[in-house]
Amino acid sequence: MIVLYFVLPLALVLAGLACWAFMRATRQGQFDDLDTPPLRVLFDEEARGAGR
Amino acid sequence: MSALRADSGAVLFGHAAHAGSPVGCSHCTLAVPAGLVEQGEALQFCCHGCRTAYSVIHSCGLEAYYRLRDATDADRAPARAAGKAFSEFDDPAFDTLYVKNLQGGLREVQLYLPSVHCAACVWLVEKLPQLVPGVHASRLDFRRAVVTVTWDAGVASLSQAARALDTLGYTPHPAKEAGARDARKREDRRYLVRIGVAGAIAGNVMLLAFALYAGAFGGMEGQWEQFFRYLSFGFGVLSLAWPGRAFFKGAIASVRTRTPHLDLPIALGLAVGGVAGTVNTLRGSGEIYFDSLCVLVFALLVGRWIQHRQQRWSSDSVELLFSLTPTAAHRVGEDGSVADVAVQALVPGDIVEVRAGESIPADGVVVRGTSSVDESLLSGESRPVSVAGGSAVCAGAVNVAGVVRVRVEVSGEETRVGRLMRMVAEASTRRADVVRMADRLAVWFVVGMLSLSALTLAVWLVRDPAHAAEYATALLIVTCPCALGLATPLAMTVAIGRAARRGMLVKGADALEKLARPGVMFLDKTGTLTRGGVSVVEWFGRQDVRADVAALEAGSSHPIARALAAGAWERLPPVSDVVQTTGAGIEGTVGGTRYTVGSPEFLHARRGTADAWVDDAVRACRARALSPVVVAADTDVVAVAGLGDAVRPDSAAAVARLREMGWRPVILSGDDEEVVRAVAVRLGIPEGDARGRVGPEEKADAVRAALRDGPVVMVGDGVNDAAALAGASVGIAVHGGAEASLAAADIYLNTPGVGAIAELVTASRRTLRTIRRAFAASIFYNGFAAACAVTGYINPILAAVLMPLSSFTVLTIAFRSRTFDRAQRPLEVTP
């Protein structure tokens, strides 16, 4: 069970990494507007389809 | 400000809308007036603006817009262009106010586009770089309808971009709240980071706690138990010190200002739990509490975020309202030259020129020219008023006919509309101070918790001094008001979500809370209780001539003619030999019959004496404040039409239901007394409660006066109602209202008329019942846990079961509750 002393801190480092990534994304403004981007993606497809 | 009502269904100047014509405009989908239909053409346009917009969209290869629009939201027509030059957008004064300089000669501005309404708009607006070379990017925030335009000042000017947006039908207004926006964005992000960190910590601590609980049952080696406890301790301290700091800050502020706040009992519970957990970790025995504390911090932060978002939404929209005030004026110099300046630069004594279709930039007096102005913004009365030299005009009124010059007397924030907007802002901030239900309970909670803990400590010090501190601490933690902090926002959010799905948008939880207690309900007349335009309300005499009359009137643009021409006619018979007498009537031959249609005086002059029934019909119309129109076929009078603002079919039923529920409906209208009284009689409202000739300031005063006696709900749709809407306990804006009223109101009904209000009141009562039920459940759990703690029976397993169970119960109660009846709206009447 001595492996726990290595695995647990490792898991915590991973959790820390996830937290850091989330904070970075938030500070870049990726969560500022959650309404427009889904619509935008939808229409990019439509426009390309119409061009073909 | 013409765009202010562009969306509201009010007919813009020069934009004729014929409900009866079967051909739809290729751009805006509104019906094309019979006179403008081009036979055999695939493309039909209702006005020049739509034709231009269509050709611009077409020539840039953006036709996909129409397909997207039809696929996403076919009901809503795109708004029409204002056709302005927007040269003030290049003014240096404008630059310093709104424009941000970026690196590499690029500049950025935020523009508010009130007419953005559907998903296809996002697509079209973001194609701006394709339309205007030099514009680098155009990003739309759909919810706020604010576009961020980045352009190269060396290649393009902002006015070019603004004109392009306007041609597409999105009249731009500089977003005046852009500066405050950055600070807010940072605050929003901080909230999110806090929730994310608290959630990650809570998840990890729960995993550790499961291992510890399993160990408590199945046995666990001491070294591992200590390792896990120290890890939990680390997480707990991190959670309290970082995301949990917000509660301690709130509690300190609450103590300092001596106002009760829910943060106080929460911080108390967290602090005591944290200290006790730390002591027990270091001692190596006893309950460590950190699992409960971390989950608590996370759950409470989520609850707070939900509330915060609702408040942010409403304050955003109120501030965008200021963007709609006019930004430019044509100032006449001393040498007679006309220059465009920003409105901020106007001072009393300046002479400004106001062209047809523009709104007046400041309060003043007409010095040259005659015209008529639409003051519906301030008076709610849609009929234009004639002005000539010496007439006083108000900022925000739209000049609908000729060119006039106005001497500025008051400008900027001191104008009547500026003062009105300020009243809206003041009333909105005042309302934010309302003490919440949970906060009122907070004081009692703290007092109760502390006295019970003190009592526990005292009793156990006598009976078993070794465990006294442990039991008292356990009590403080298990009674931490998690459900109390979660129950209200959760139940409210569920109810608000359900209301939104039924087309009732509720901006703040407190609005829903306050609708539960009956009081006075002020109702605006025009557009709220009535349809808000002229239509045929009564028809005496022969019905079969209506199609012929419609054909005769179809060629005319007078409001009365339009009302007579409206209707579901399959094919209108051809008309010949039309003679029009301005302001009196029209003559023409339809299907071999010579018709004369006009005012009773006109017909009297033409035909001599009339029958007794005609006089009776005319009198009946006048008694009900309708304008009578007499129809004669050849020599005989065959029909009398009563025209006016028709009462919506569901108004009477809605008013009756509200009275049943204990509300007192009162009509407040800017219209004439007799018209208001006639509507009141039809709705069964006593005459004393029908007030006519009430200006916007008086409406706000009436609301304020009534507030002294109890809750006041204001229902309206216009800018003239905005101050009253903001001042009332709850302001409700109805469908088709001006943006200002939407911004000022707490609730926006997506369906026309007042039918949904009674339903919303019922929903509000049910929601409050749900909250009380959730409170009862959490108090039951807390009471049970407190009893266990007081008697010394609390143990980690019991606490671990009780905590999630109480939260789960609160969740279940909130989601299982019934907010609305399953049946479709009983009050909705299909037109």
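Residues numbered from 1 in each chain as written. Chains lettered and ligands numbered in written order. Predicted model: local features only at pLDDT ≥ 70, side-chain atom pairs only at ≥ 80, totals over all residues. Heavy atoms only, no water.

A. Quick peek at the overall build of chain B. Broken down by element type, chain B carries 29 helices and 27 strands. For chain B, buried positions account for 54% of its 831 residues. The long-range fraction of contacts in chain B, counting pairs at least 24 apart against all pairs at least 6 apart in sequence, stands at 67%. When the accessible surface of chain B is totalled, it reaches about 35400 Å², and 56% of it is carbon and sulfur. (Helix = DSSP H or I, 4+ residues; strand = E, 2+ residues; numbered from the N terminus. Buried < 20%, exposed > 50% of the residue type's maximum accessible area, 1.4 Å probe, protein only. Contact = heavy atoms within 4.5 Å. Areas by Shrake-Rupley, 256 points an atom, 1.4 Å probe, with all protein chains shown as cover.)

B. Inspection of the interface of chain A and chain B at higher detail. On the chain B side, the residues contacting the 25 residues of chain A number 29 residues. One can count one salt bridge joining chain A with chain B. Between aspartate 32 of chain A and arginine 189 of chain B there is a salt bridge, and its shortest N-O distance comes to 2.5 Å. Taken together, the links from chain A to chain B amount to six residue pairs in polar contact (both at pLDDT 80 or more). Its residues assigned to classes, the side of chain A that touches chain B comprises 15 nonpolar, four polar and six charged. (Salt bridge = Lys/Arg side-chain N within 4 Å of Asp/Glu carboxyl O. Polar contact = N/O pair within 3.5 Å; in protein donor to acceptor, adjacent residues only side chain to side chain. Nonpolar A, V, L, I, M, F, W, Y, C, P; charged D, E, K, R; others polar.)

C. Broad picture of the nonpolar core. Residues and elements named next belong to chain B. Membership of the largest hydrophobic core comes to 50 residues, with the highest contact counts inside it found for Val715, Ile747, Leu749 and Ile757. The greatest single-element share of this core, amounting to 11 residues, is contributed by helix 28 (residues 755-790). The next biggest cluster of nonpolar side chains, apart from the first, holds 49 residues, and it includes Cys50, Val122, Leu158 and Leu168. (Core = buried A, V, L, I, M, F, W, Y, C linked by side-chain atoms within 4.5 Å.)

D. Looking closely at the pattern of salt bridges. Residue and element names in this part refer to chain B. The full count for this structure, using the stated rule, is 16 salt bridges over all chains. Notably, a salt bridge pairs aspartate 616 with arginine 619, separated by 3.4 Å at the nearest N-O pair. Remark: arginine 619 and aspartate 616 occur in helix 22 (residues 612-623); sequence separation between them is three residues, near one turn of the helix. The partner of glutamate 673 in a salt bridge is arginine 677, and the shortest N-O contact between them spans 3.7 Å. Of this pair, glutamate 673 and arginine 677 both sit in helix 24 (residues 673-683), four residues apart, which is roughly one turn of the helix. Residue glutamate 673 is classed as partly exposed on the basis of its relative accessible area, which comes to 35%. Classification of arginine 677 by relative accessible area gives partly exposed; the value is 32%. Within this structure, Glu353, Arg355 and Arg405 form a network of salt bridges that share partners.

E. Fine view of helix 6 (residues 158-167) of chain B. All names here are of chain B. With seven of its 10 residues buried, helix 6 lies for the most part within the structure. Listed in full, the buried residues belonging to helix 6 are Leu158, Ser159, Ala161, Ala162, Ala164, Leu165 and Asp166. Looking at the buried positions of helix 6, the neighbouring elements they touch are helix 3 (92-98), strand 2 (106-112), helix 4 (119-125), helix 5 (128-131), strand 3 (135-141) and strand 4 (146-152).

F. Local environment of a nonpolar patch on the surface. Together, Ile2, Val3, Tyr5, Phe6 and Val7 of chain A line one region of the surface with nonpolar side chains, adding up to about 500 Å² of accessible area. Here tyrosine 5 of chain A is to be found in helix 1 (residues 4-27). (Patch = residues over 30% accessible without salt bridge, like charges linked within 9 Å, V, L, I, M, F, W, Y side chains within 5 Å.)

G. The arrangement of the sheet that holds strand 10 (residues 371-374) of chain B in detail. The antiparallel open sheet is built from three strands, whose spatial order is 11-10-13 (chain B). In this open sheet, the two strands that pair with only one neighbour each are strand 11 (385-387) and strand 13 (398-399) of chain B. (Pairing = 2+ DSSP bridges.)

H. A look at the sheet that holds strand 15 (residues 504-506) of chain B. All names here are of chain B. Spatially, 15-27-26-25-16-23-24 is the arrangement adopted by the seven strands of the open sheet, whose pairing is mixed. Both outer strands of the open sheet, strand 15 and strand 24 (690-691), are each paired with one neighbouring strand and no more. Bridge count for strand 16 (residues 520-524) against strand 25 (residues 712-716) is four bridges, and the pairing is parallel. The residue of strand 25 that forms the bridge with valine 520 is valine 712. Relative to strand 27 (residues 747-749), helix 28 is tilted by about 135°, and along the sheet it contacts strand 15, strand 16, strand 25, strand 26 (730-733) and strand 27. (Axes fitted to C-alpha atoms, helices over the stretch in contact; angles between N-to-C directions.)

I. Quick look at the packing of aromatic side chains. Using the criterion set out here, one finds nine aromatic pairs over all chains in the structure. Look at phenylalanine 22 of chain A and phenylalanine 31 of chain A: their rings are 5.4 Å apart centre to centre, the planes differ by 45°, and that puts the pair in the tilted class. With relative accessibility at 31%, the residue phenylalanine 31 of chain A sits in the partly exposed group. On the basis of an interplanar angle of 85° and a centroid distance of 6.4 Å, the ring pair of tyrosine 230 of chain B and phenylalanine 233 of chain B is categorised as edge-to-face. In this pair, tyrosine 230 of chain B and phenylalanine 233 of chain B both sit in helix 8 (residues 222-241), three residues apart, roughly one turn of the helix. The class for tyrosine 230 of chain B is partly exposed, based on a relative accessible area of 38%. Taken together, the ring pairs in this structure connect Tyr5 of chain A together with Trp224, Phe227 and Phe228 of chain B into an aromatic cluster. One Lys or Arg, arginine 194 of chain B, reaches over the ring of tyrosine 191 of chain B and ends 5.3 Å from the middle of that ring. (Phe/Tyr/Trp six-rings, centres within 6.5 Å; stacked < 30°, edge-to-face > 60°. Lys NZ or Arg CZ within 6 Å of the ring centre and 35° of its normal.)

J. Quick look at the confidence of the model for chain A. Per-residue confidence for chain A averages 79 on the pLDDT scale, and 79% of its residues sit at or above 70. Throughout residues 46-52 of chain A the model reports pLDDT below 50, and contacts reaching past four residues in sequence, or to other chains, amount to four contacts. (pLDDT = per-residue confidence, 0-100.)

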